[in-house]
Amino acid sequence: MTIDFYYLPGSAPCRSVLLTAKVLGLDLNLKLTNLQAGEHLTPEFLKINPQHTIPTINDNGFSLWESRAICTYLVNACGKDDSLYPKEPRARALVDQRLYFDIGTLYARFADYYYPSLFQGLPKEPSKLERIDEGMKFLDGFLEGQTYVAGKNLTVADLAILASISTFEVVEYDLSPYKNIGKWYANLKSTIPGYKEANEDGCIAFKELIDSLQKK
Ligand SMILES: N[C@@H](CCC(=O)N[C@@H](CS)C(=O)NCC(=O)O)C(=O)O
């Protein structure tokens, strides 16, 4: 039985789930959910996710939201092995740490700096950009001498952070000072199966959305 996946291609957290599904070779039942049309606020959707966020999955009656929780669930429930989310306690803890770094630091600082300007037309606050730069320095440090963000293999932490970093690229944040991030990013873009459909096309959709909002 397939898993329903409520999503929008342009949404960064949705793209991390799409990337995870691609790497797992999993076909999700895609349910495009148009936020601008309020499709996440219908009584049917609120029954599945009262917090009305996408991504959301429904696995035959089991509904789940929060992209990183979805990614780890998909590996646990559908992975042929645990390589994307290792069971060994220390290896798993490292992946978890990077996932929490992504939601709590990297993407949180992105949202704090860019969202008011992108979605409300408010001026950007330079001190918030410095917080992003600091987050990038942390990530660049994690990647020193490493191919992946947590341990020796590709994990869901790479996929979540990949969705975030590509979103920074869409808003033209300057990634060039961060050599380790640049190398890691180029490697993942060229090696992840189905990268274009899972992430690149969605980044184009996100760019189109923000361009259309700027014109309003
Ligand atoms: N931390 C959540 C963020 C989810 C989120 O905020 N999604 C946005 C779209 S990118 C959304 O659904 N917004 C509509 C709403 O909150 O009502 C995750 O990683 O899944």
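Residues numbered from 1 in each chain as written. Predicted model: local features only at pLDDT ≥ 70, side-chain atom pairs only at ≥ 80, totals over all residues. Heavy atoms only, no water.

- As named in an unreviewed UniProt entry, the chain is Glutathione-S-transferase delta class 1, taken from Sitophilus oryzae.
- Taken directly from UniProt, the Subunit (unreviewed entry) text for the chain runs: "Homodimer." (UniProt positions renumbered as here; feature names shortened; annotations may be inferred.)

1. Quick look at the site of the ligand
Phase 1: Near the ligand, the surroundings consist of S11, P13, L35, H40, H52, T53, I54, P55, E66, S67, R68 and I103.
Phase 2: Take H40: an N or O atom from its side chain is 3.4 Å from an oxygen atom of the ligand.
Phase 3: Taking H52, its side chain carries an N or O atom lying 2.8 Å from an oxygen atom of the ligand.
Phase 4: Considered on its own, the ligand offers 510 Å² of accessible surface; in the complex 71% of this is hidden by protein. (Near = heavy atom within 4 Å. Polar contact = N/O pair within 3.5 Å; in protein donor to acceptor, adjacent residues only side chain to side chain. Areas by Shrake-Rupley, 256 points an atom, 1.4 Å probe, with all protein chains shown as cover.)

2. Points about the UniProt feature "domain: GST N-terminal" (unreviewed entry) in the chain
Phase 1: Residues annotated by UniProt as "domain: GST N-terminal" (unreviewed entry) correspond here to residues 1-82.
Phase 2: Helix makes up 38% of residues 1-82 and strand 20%, and the two end C-alpha atoms of the span are 21 Å apart. (Helix = DSSP H or I, 4+ residues; strand = E, 2+ residues; numbered from the N terminus.)

3. So, helix α3 (residues 67-78)
Phase 1: Between the first and last C-alpha of α3 there are 16 Å, a value that for twelve residues agrees with the 16 Å anticipated at 1.5 Å per step.
Phase 2: What α3 keeps buried is the set S67, R68, I70, C71, T72, L74 and V75.
Phase 3: Buried residues along α3 sit against α1 (12-24), β3 (56-59), β4 (62-65), α4 (89-120) and α6 (156-170). (Expected span 1.5 Å × (residues − 1). Buried < 20%, exposed > 50% of the residue type's maximum accessible area, 1.4 Å probe, protein only. Contact = heavy atoms within 4.5 Å.)

4. Comments concerning the pairing of strand β2 (residues 29-32)
Phase 1: Direction of pairing for strand β1 (residues 4-7) relative to β2: parallel, over a ladder of four bridges. Residue pairing in the sheet places D4 in a bridge with N29 of β2.
Phase 2: Taken together, β1, α1 and β2 constitute a β-α-β crossover, and its handedness is right-handed. (Pairing = 2+ DSSP bridges. Right-handed = clockwise from strand over helix to strand, strands pointing away.)

5. Quick word on the nonpolar core
Phase 1: Ranked by internal contacts, the top residues of the largest apolar core, which has 63 residues, are Y114, M136, L139, I165, F168, Y173 and W184.
Phase 2: When residues of this core are assigned to domains, at least three map to each of domain 1 (4-78) and domain 2 (89-215).
Phase 3: Residue contacts for M136: discarding those within four places in its chain leaves L106, I165, F168, Y173, L175, Y178 and I181. (Core = buried A, V, L, I, M, F, W, Y, C linked by side-chain atoms within 4.5 Å. Domains from an automatic or database assignment.)

6. Description of the domain arrangement of the chain
Buried accessible area, meaning the area lost when the parts come together, often serves as the stated size of an interface.
Phase 1: If you check the domain split of the chain, you get domain 1 (4-78) and domain 2 (89-215).
Phase 2: Between domain 1 and domain 2, the C-alpha centre-to-centre distance is 20 Å.
Phase 3: On the domain 2 side, the residues contacting the 17 residues of domain 1 number 25 residues.
Phase 4: The three residues of domain 1 that bury the most area against domain 2 are R15, L19 and R68, which together make up 41% of that side's buried surface.
Phase 5: Note that E197 and K22 form a salt bridge whose closest N and O atoms lie 3.4 Å from each other.
Phase 6: Linking domain 1 with domain 2 are seven residue pairs in polar contact (both at pLDDT 80 or more), by the criterion used here.
Phase 7: Mapped by element, the contributors of at least two residues to the side of domain 1 that touches domain 2 are α1 and α3.
Phase 8: Broken down by element, the side of domain 1 that touches domain 2 gets its largest block of residues, eight residues, from α1. (Buried area = accessible area lost by both parts, 1.4 Å probe. Salt bridge = Lys/Arg side-chain N within 4 Å of Asp/Glu carboxyl O.)

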